Amino acid sequence: MRKKVTLKQIAKELDVSISTVSKSLRDSAEISEDTRQKVQAFAKLYNYKPNLIALSLKNRKTKTIGIIIPEIVHHFFATVISGIEHLANEKGYNVIVCLSDESFDKEVINMEMLANGSIDGFIMSLSKETQQKKDFHHILEATSQGMPVVMFDRVTNDIFCDKVIIDDKTAAQDAVNFLIYKGMRKIGLITTVDYVSVGKLRTEGYLHALQQNNIILDEKLILKIEDIDNCTSEIERFIKENEIDSVFAVNELFAVTAIKAINQIGKKVPEDISVIGFTDGIISKYSTPSITTVSQNGISMGQKAAKLLIDRLENDEEDEFYTTEIIETHLVERESTI
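Student: I would appreciate a short explanation of the sheet that holds strand β6 (residues 187-192) in the present structure.
Tutor: What the 6 strands build is an open sheet, ordered β7-β6-β8-β9-β10-β12; its pairing is mixed. Edge positions in the sheet fall to β7 (222-225) and β12 (330-332), since each of these pairs with one other strand and no more. Across the sheet, the axes of successive neighbouring strands diverge by a mean angle of 20°, strand direction being ignored. In this structure, strand β10 (residues 292-295) lies alongside β12, joined through 3 bridges in antiparallel fashion. Across the sheet, the residue bridging to Ser295 is His330, located in β12. Helix α10 (residues 232-241) contacts β6, β7 and β8 (246-249) of the sheet and is inclined by roughly 175° relative to β7. Running over the sheet, helix α11 (residues 252-264) touches β6, β7, β8 and β9 (274-278) and is turned about 160° from β9.

Structure below.
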């Protein structure tokens, strides 16, 4: 079966711009007859089929950015959106936010809907299902048609685009080392399943910290959550059935649920069990006790992502070199650790 050809490939093969290919295929009078015929003949030969994403090329500026996030309940994604919107508005851009609800299908539908003339480029964090399936065809279509994409937080190495991340592995390692420095040895980990990229990296950080400090790994002290919305009973059982002196949770929902479970078995935080979470959100600040967390700085991440996208949108020359920006993290000490 012949591989599907893209606008970008046609442009490269004929040594013309993507815009010229697009206009030629639409019989635009702006393009010479000779060029139109050459492009159309090439497209016909390779059975080129336009898609919805091709309808929103750089020559149709909307000054609008599409944001696709997995969910909105966590404070982190809200702060990233705030950072994106603040910088985008300063530069004269508006934003449209869509939720994938951790669904691959909904992520694809959102991209196709927004790309149909609504936006100039995407800023996105991958859904859990997309990472599980490892199917990125919808994103590849966008980038191959000249529509820039910037990924943040949950990213993949299978797509060449600009990215904004934190060093999840090192941040987790530093958090667990902090617990070890405080004298903890039986450190429970509450994390996500491995196909969620950030959970996998934070798990690796936990494992590396144990190894660094010659602490033998006890697999029973690792809980991997599949269904985040219904994690309470799993975390309660994990806390009840294991002898631990501390918990490292890869998000603040897991951390506050662990604290509740610890209280239910008659123990106290941090006197009996210390807790560290990830993402310095409202829950961490105002829970009882307040939670020591790794701060991700979502505002800065959002601003950096918006700047990368807008710089690419406003650069007329196609740049094949992509940037991965790493946002610094730090540990915010509060009442949940001694």
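Student: Explain the sheet that holds strand β4 (residues 149-152) to me, please; I cannot follow it from the model alone.
Tutor: Hydrogen bonding along the main chain pairs the strands of a sheet, whether they run parallel or antiparallel. Across the sheet, 6 strands lie side by side as β2-β1-β3-β4-β5-β11; this open sheet has parallel pairing. Pairing within the sheet leaves two strands with one partner each, and these edge strands are β2 (94-99) and β11 (324-327). Recorded for the sheet is a direction-independent mean angle of 20° between the axes of neighbouring strands. Where β4 meets strand β5 (residues 162-166), 3 bridges bridge the pair, whose relative direction is parallel. The residue bridging Phe152 from the neighbouring strand is Val164, located in β5. Contacting β1 (64-69), β2, β3 (121-124) and β4, helix α4 (residues 75-90) runs over the sheet at an angle of about 160° to β2.

Student: Help me understand the pattern of salt bridges, please; the structure alone is not making it clear to me.
Tutor: Between side chains of opposite charge, a pair can form as their charged atoms come close. This structure, assessed with the given rule, holds 12 salt bridges. Salt-bridge contacts for Asp168 lead to Arg202; the nearest nitrogen and oxygen are separated by 2.7 Å. With Asp168 in helix α8 (residues 168-181) and Arg202 in helix α9 (residues 197-212), this pair connects stretches of sequence that are 34 residues apart. Looking at Asp168, the relative accessible area reads 3%, which means it is buried. If you follow the salt bridges from partner to partner, you end up with Asp27, Glu33 and Arg36 in one network.

Student: Which parts of the structure should I look at to understand the environment of Ser197?
Tutor: Relative to the helices and strands, Ser197 resides in helix α9. Residue classification places Ser197 among the buried positions, given a relative accessible area of 17%. In this structure, the C-alpha to C-alpha distance between Ser197 and Asp153, residues 44 residues apart in sequence, is 8.6 Å. The contacts of Ser197, once residues within four sequence positions are left out, are Gln131, Asp153, Arg154 and Val155. Within the structure, Ser197 has its side chain in polar contact with the side chain of Gln131 (distance 2.8 Å).

Student: When you look at the packing of α8 against α9 in this model, what are you seeing that I'm missing?
Tutor: Each pair of packed helices gets described by two things: the angle between the helix axes and the distance between those axes. Packing of α8 against α9 brings their axes to within 7 Å, and their N-to-C directions diverge by 40°. Here α9 runs oblique to α8, going by the angle between their axes. Note on packing geometry: the crossing formed by α8 with α9 is right-handed. Counting all contacts with α8, which are made through Asp168, Lys169, Ala172, Gln173, Val176, Asn177 and Ile180, the residues of α9 involved are Val198, Leu201, Arg202, Glu204, Gly205, Tyr206, His208, Ala209, Leu210 and Gln212.

Basis of the calculations
Residues numbered from 1 in each chain as written. Predicted model: local features only at pLDDT ≥ 70, side-chain atom pairs only at ≥ 80, totals over all residues. Heavy atoms only, no water. Pairing = 2+ DSSP bridges. Helix = DSSP H or I, 4+ residues; strand = E, 2+ residues; numbered from the N terminus. Axes fitted to C-alpha atoms, helices over the stretch in contact; angles between N-to-C directions. Contact = heavy atoms within 4.5 Å. Salt bridge = Lys/Arg side-chain N within 4 Å of Asp/Glu carboxyl O. Buried < 20%, exposed > 50% of the residue type's maximum accessible area, 1.4 Å probe, protein only. Polar contact = N/O pair within 3.5 Å; in protein donor to acceptor, adjacent residues only side chain to side chain. Parallel < 35°, antiparallel > 145°, perpendicular 65-115°, else oblique. Left-handed = near helix turned anticlockwise from the far one by under 90°.

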